[in-house]
Amino acid sequence: MANAPFAGSGGAMPRAPDISQMTPEQQAERLYDRIMREYEAGQIGNVKTFMPMAIAAYERLSPLSLDQRYDLGRIGEVGGDIPLARAQADTILRARPTHLLGLILAAKVARLEKNDARARTLDAKLVASDSAERAAALPEYLLHKLDIDAAVAAARSTPK
Amino acid sequence: MTSMTTIHVAHSPDSDDAFMFYALAAGKIDTEGLTYVHELQDIESLNQRAMRGELEVTAVSIHAYAYLSDKYALLPHGASMGDKYGPRLVSRTPATRADVKGKRIATPGPLTSAYLQLRMYEPDFETVHTPFDEIMGAVERGEVDMGLLIHEGQLTYQDHGLHLVADMGVWWFEETGLPLPLGGNVVRKDLGAELTSKISRHLRASIAYGLDHRAGALDHAMQYARDLDRSQADEFVGMYVNDWTLDYGERGRKAVQLFLERGVKEGLITKPVQVEFVD
């Protein structure tokens, strides 16, 4: 019934934010999350739809932090914009050559480009840099811990 | 008359706006030395950015124009008007107008025309301003009692098992006999008359090109059609790229004026509005 008490979902989906109160950073992050959800659901058409909005949202944040560059690069990666993804990976690694998110993104780009040799080199560097970089405790490592854990595990299991 | 050659033109990521801006985005028309940089953002964010005067040319909600008329003028073309249709109020279970009072409702933003229309329809409800693309999900998950849908959700809510409570365009027509003004394109007044006139010509030419080359414009618009298939996208574009898009005309201008006057009269718009069209 329409007048039934408000049920609430309690499900896994995040509650929709208040659009009138969102900062530019929150707008960009919302679109990043939206694109990743669509990608994981296999809705590539929706990924493409939200990409221009998301890219513009990140451009408005300029200058971007390394964490934001990783997010933007992931958007490029899942949306098929390889130059965008590569540019973010290059910029991250120029700023910090052993940055774990930079190495992960660069390896993803190399695989998209079918450059297996470069991907393996980046994987090896990721594994070698893992302990020291995690000790640096960069905030973005905590934010993307699942990505890093998965990438390091995959890199360790990749045949040399 | 000015050294400015780059114009930022912003619009919302839906298929009717994409259709209108297709020729401009795809370089199909002569822009007489001007370079247009396109920006895509949800309409509430564009309204807020226009309030800060950030954009030279942008789509805005007609509601937002009430607070922008000192900085921006309405272009005579590019209007989104609903002819007995408009934003749709939906719920998870069947409901009527009497059920709306006091409900918690997801709306696409405080400056949107949809929000103003809903306030006119029923002043008493709890609003949850929500990004347009998350409204349907918020209703489905029960985070809100009802949702006010704009863009393509107006055509797809039934696929999600939701029920129509009211169509704002139908209600507005019953009240006034006029089409429902939703959005328009505005140009910042400080650009000056000559540049404004040039921009106005280009935008009109872009819309006309889209109407004359419907298949190509629709291909472009499909990028922003989300859950719609091509025939639905064609239908959606046809709903909002219509007789009023190339020119508001007398009836369209009357509808805009009445909509805003009524908002002022009902205390929903907090300042008198002088509507100024570029001709």
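Residues numbered from 1 in each chain as written. Chains lettered and ligands numbered in written order. Predicted model: local features only at pLDDT ≥ 70, side-chain atom pairs only at ≥ 80, totals over all residues. Heavy atoms only, no water.

Describing the overall build of chain B
The helix and strand tally for chain B stands at 12 helices and 11 strands. Compactness check: chain B gives a C-alpha radius of gyration of 18 Å against a globular reference of 19 Å for 279 residues, within 12% of the reference. Projected onto its principal axes, the C-alpha positions of chain B cover 55 × 40 × 30 Å. The buried share among the 279 residues of chain B stands at 63%. Carbon and sulfur atoms make up 48% of the accessible area of chain B, which totals about 10000 Å². Where the 27 positive side-chain charges of chain B centre and where its 41 negative ones centre are 4 Å apart. (Helix = DSSP H or I, 4+ residues; strand = E, 2+ residues; numbered from the N terminus. Rg over C-alpha atoms; globule rule 2.2 N^0.38 Å. Buried < 20%, exposed > 50% of the residue type's maximum accessible area, 1.4 Å probe, protein only. Areas by Shrake-Rupley, 256 points an atom, 1.4 Å probe, with all protein chains shown as cover. Lys, Arg positive; Asp, Glu negative; His and termini not counted. Charge placed at Lys NZ, Arg CZ, Asp CG, Glu CD.)

Some thoughts on the packing of aromatic side chains
All names here are of chain B. With the rule as written, the count across this model stands at 5 aromatic pairs over all chains. Relative to Phe 259, the ring of Trp 172 has its centre 5.5 Å away and its plane inclined at 90°; by these criteria the two rings are edge-to-face. One end of the pair, Trp 172, is in helix α7 (residues 168-176); the other, Phe 259, is in helix α12 (residues 249-265), with 87 residues separating them in the sequence. Per residue, the accessibility class of Trp 172 equals that of Phe 259, and both read buried. Centroid distance Tyr 248 to Phe 277: 4.9 Å. Interplanar angle 65°. Geometry classified as edge-to-face. Here Tyr 248 is found in the loop between α11 (243-246) and α12, whereas its partner Phe 277 is found in the segment after α12, with 29 residues between them in sequence. The class of Tyr 248 is buried, set by a relative accessible area of 0%. Between the NZ or CZ atom of Arg 253 and the centre of the ring of Phe 277, over which it lies, the distance is 4.3 Å. (Phe/Tyr/Trp six-rings, centres within 6.5 Å; stacked < 30°, edge-to-face > 60°. Lys NZ or Arg CZ within 6 Å of the ring centre and 35° of its normal.)

Quick look at the interface of chain B and chain A
Contacts between chain B and chain A engage 34 residues on the former and 27 residues on the latter. With both chains or domains summed, chain B and chain A bury close to 2500 Å², and 50% of this area falls on carbon and sulfur atoms. On the chain B side of the contact with chain A, Glu 134, Arg 141 and Glu 143 of chain B bury the most area, a combined 21% of that side's loss. Counting across the chain B and chain A interface gives 4 salt bridges. The salt bridge partner of Glu 134 of chain B is Arg 30 of chain A, with a shortest N-O separation of 2.6 Å. Counting the contacts that link chain B with chain A gives 8 residue pairs in polar contact (both at pLDDT 80 or more). Secondary structure elements with two or more residues in the side of chain B that touches chain A: β2 (35-40) and α2 (43-51) of chain B. (Contact = heavy atoms within 4.5 Å. Buried area = accessible area lost by both parts, 1.4 Å probe. Salt bridge = Lys/Arg side-chain N within 4 Å of Asp/Glu carboxyl O. Polar contact = N/O pair within 3.5 Å; in protein donor to acceptor, adjacent residues only side chain to side chain.)

Considerations on the side chain of Ser 206 of chain B
By the element assignment, Ser 206 of chain B lies in helix α8 (residues 193-212). Ignoring sequence-local partners within four residues, the contact set of Ser 206 of chain B consists of Met 20, Phe 21, Tyr 22, Ala 23, Leu 24 and Ile 29 of chain B.

Focus: the pattern of salt bridges
Across all of its chains, the model carries 29 salt bridges over all chains by this definition. Between Asp 149 of chain A and Arg 134 of chain A there is a salt bridge; the shortest N-O distance is 2.7 Å. Taken together, the positions of Asp 149 of chain A in helix α8 (residues 145-157) and Arg 134 of chain A in helix α6 (residues 116-136) put the pair 15 residues apart, joining distant regions of the chain. A relative accessible area of 26% means that Asp 149 of chain A is categorised as partly exposed. You can call Arg 134 of chain A partly exposed: its relative accessible area is 31%. Residues Glu 126 of chain B and Arg 104 of chain B are paired through a salt bridge, measuring 2.9 Å at the closest nitrogen-oxygen approach. Linking Glu 126 of chain B in strand β8 (residues 126-129) with Arg 104 of chain B in strand β7 (residues 104-107), this pair joins segments that are 22 residues apart in sequence. Judged by relative accessible area, Arg 104 of chain B falls into the partly exposed class, the value being 21%. One connected set of salt bridges, linked through shared partners, spans Arg 30, Arg 34 and Glu 38 of chain A together with Asp 133 and Glu 134 of chain B.

What to know about the packing of helix α5 (residues 100-112) of chain A against α8 of chain A
All names here are of chain A. The contact between α5 and α8 brings their axes to 10 Å, and the two run at 60°. The orientation of α5 relative to α8 falls into the category oblique. Seen along the crossing, α5 lies across α8 with a hand that is left-handed. Residues Leu 100, Leu 101 and Ile 104 of α5 form the contact with α8, whose own contacting residues are Asp 147, Ile 148 and Ala 151. Residues belonging to the contact of α5 with α8 are distributed by class as follows: 5 nonpolar, no polar and 1 charged. (Axes fitted to C-alpha atoms, helices over the stretch in contact; angles between N-to-C directions. Parallel < 35°, antiparallel > 145°, perpendicular 65-115°, else oblique. Left-handed = near helix turned anticlockwise from the far one by under 90°. Nonpolar A, V, L, I, M, F, W, Y, C, P; charged D, E, K, R; others polar.)

Observations concerning the pairing of β7 of chain B
Residues and elements named next belong to chain B. Two strands pair when backbone bridges link them, and β7 and β8 are joined in this way by 4 bridges, in the parallel orientation. Across the sheet, the residue bridging to Ile 105 is Thr 127, located in β8. Where β7 and strand β9 (residues 146-149) come together, 2 bridges link them in parallel fashion. Each bridged residue has a counterpart across the sheet, and for Ala 106 the counterpart in β9 is Gly 147. (Pairing = 2+ DSSP bridges.)

Thoughts on the confidence of the model for chain B
One rule of thumb: low pLDDT means the predicted coordinates there are not for detailed reading. Averaged over every residue, the pLDDT of chain B is 91; residues scoring 70 or more account for 98%. Predicted complex, confidence summary: ipTM 0.77, pTM 0.85. (pLDDT = per-residue confidence, 0-100.)

Quick notes on the packing of helix α1 (residues 24-40) of chain A against helix α3 (residues 66-79) of chain A
In a packed pair of helices, the relevant descriptors are the angle between the two axes and the axis-to-axis distance. Residues and elements named next belong to chain A. Contact geometry of α1 with α3 gives a least axis separation of 10 Å together with a crossing angle of 35°. Viewed along their axes, α1 and α3 form a crossing whose handedness is left-handed. Contacts from Glu 25, Tyr 32, Ile 35, Met 36 and Tyr 39 of α1 reach α3 at Gln 68, Tyr 70, Asp 71, Arg 74, Ile 75 and Val 78. Residue composition of the contact of α1 with α3, by class: 7 nonpolar, 1 polar and 3 charged.

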